[in-house]
Amino acid sequence: MSLVGVYKDKIREAVINMFKVNMGVKPGERILVVTDYPDSKHWLEFDAEKLADIVKRSVLCRAVYEIAKETFKENVVEFVVYPCTGRHGLEPPDYVAKKMKEANVIVAITSFSLTHTRAREEANKAGARVASMPLFLVEMFEPGGPMAADYKYIHESSKKLAQALEGKKEVRVVTETGTDITMSVEGRHWGLDTGILTEPGSFGNLPAGEVYIAPVEGTAKGKFVVEKGWYPGLEEDMIFYVEKGLVVKIEGGGKVGDYYRELLGLEPRKDEPQYIARRNIAELGIGSNPNAKRPDNILEAEKIKGTVHIAIGDNAHIGGKVEADIHQDFVIPKPDLYADGAKIIEKGRWLVE
């Protein structure tokens, strides 16, 4: 047997389970498997480690497609690839968006997220069920990994937490490492991403497990600390300072900090609309997957039970008003979380179960 064959056999059961349980595939439905790949430009821009990571993910996605095509013989199963956009939240090419609108079930194993895009939103409006899986790793399929979690438990516990938070006006997040940020959520509703995507128009991440909300624009204030090791390549703490709902300064973070200072137009200072949109405090999320453990993979880290995450940029696709060409999450471990002054989470431990 070839190495590819061994690879497919290793993940086959988990992949079939994903399509059957998480996506609820029915005979006759159109299945679309989507991935991105580095084109000639990226081979010059990205370092070898990043290129290898993207290529491995593309090959993994191809294996997922082959397993689906071999297994679901009563379905049309298609595979579409496109050049990397280079950033989470940027739109894929038109031909990808068109294919997505024609499908019933979409599994997008990409290196740059399609979650916060019009393409994903239009596919959902057309009735597609979308699993967005940016930065997915093959290990996530393994026994004991985040894909093997008890999704019924995740759904029930997440729902209970969301119910405790619904209707609250203000949320505050505090950590011993220096995070202290407050934001209004008045009039906004908490969403659930619990891994069961069986209803027409549903979408979420796989692996799943979070409760999330788009804070009211212009209300976030304070600071949040992204600790070293809790973002790919982050070797020193990175501190975001926030005023009137926007990031106004970033301290530390080394090369990662330099990247975001430039991307957000902070150094050198740029105040064109696209930079203002990127600085927006877009999301507050709470991880709820007890099997998620890896801190340096954002897809998995933001699902870790005992963490919260704060995102910048686009929130128009989760109930907010800001459209941006980026949506980036930053994960914060062991937080205290208060809602209208009542403590809901203490050092990562939920007080609502």
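Everything quoted here is computed from the prediction, not taken from an experiment.

**A few points about the environment of K73**
Its location among the elements puts K73 in the loop between α3 (48–71) and β2 (76–83). Residue K73 is classed as exposed on the basis of its relative accessible area, which comes to 68%. Each C-alpha atom, one on K73 and one on G287, is 36 Å from the other, the two residues being 214 residues apart in sequence. Polar side-chain contacts of K73 include one of 3.1 Å to the backbone oxygen of E70.

**Details of the nonpolar core**
In terms of nonpolar packing, the biggest core is built from 79 residues, with M18, F19, F224, Y260, L284 and L337 touching the most fellow members. Core analysis: the second largest hydrophobic core is formed by 14 residues, V34, V96, A103 and L114 among them.

**Re empty space enclosed by the protein**
All chains considered together, the criterion is met by 1 cavity of 30 Å³ or more. Space inside the largest cavity adds up to approximately 310 Å³. Taken together, 22 residues make up the lining of the largest cavity; nearest its centre are T115, H116, N205, E302 and D329. Of all the secondary structure elements, the ones that give two or more residues to the lining of the largest cavity are β7 (191–193), β8 (203–205), β9 (210–213), α9 (298–301) and β15 (327–333). Looking at the lining of the largest cavity residue by residue, the classes come out as 8 nonpolar, 9 polar and 5 charged.

**Section: the layout of surface pockets**
Considering only enclosed or pocket space, the largest pocket measures out at about 1,700 Å³ in volume. What lines the largest pocket is a set of 46 residues, and nearest its centre among them are K50, D53, Y231, P232 and G233. Of all elements in the fold, only α2 (40–45), α3, α7 (254–263) and α8 (273–278) reach the threshold of two or more residues within the lining of the largest pocket. Residue contributions to the lining of the largest pocket peak at 8 residues, all from α3. Space inside the second largest pocket adds up to approximately 240 Å³. Among the residues forming the lining of the second largest pocket, the class breakdown is 7 nonpolar, 2 polar and 3 charged.

Each value, and the rule that gives it
- Residues numbered from 1 in each chain as written.
- Predicted model: local features only at pLDDT ≥ 70, side-chain atom pairs only at ≥ 80, totals over all residues.
- Heavy atoms only, no water.
- Helix = DSSP H or I, 4+ residues; strand = E, 2+ residues; numbered from the N terminus.
- Buried < 20%, exposed > 50% of the residue type's maximum accessible area, 1.4 Å probe, protein only.
- Polar contact = N/O pair within 3.5 Å; in protein donor to acceptor, adjacent residues only side chain to side chain.
- Core = buried A, V, L, I, M, F, W, Y, C linked by side-chain atoms within 4.5 Å.
- 1 Å grid on protein atoms, 1.4 Å probe; cavity = no way out; pocket = protein on both sides within 12 Å on 5 of 7 lines; lining within 4 Å.
- Points joined across faces, edges and corners; volume = space filled by probe spheres on them.
- Nonpolar A, V, L, I, M, F, W, Y, C, P; charged D, E, K, R; others polar.

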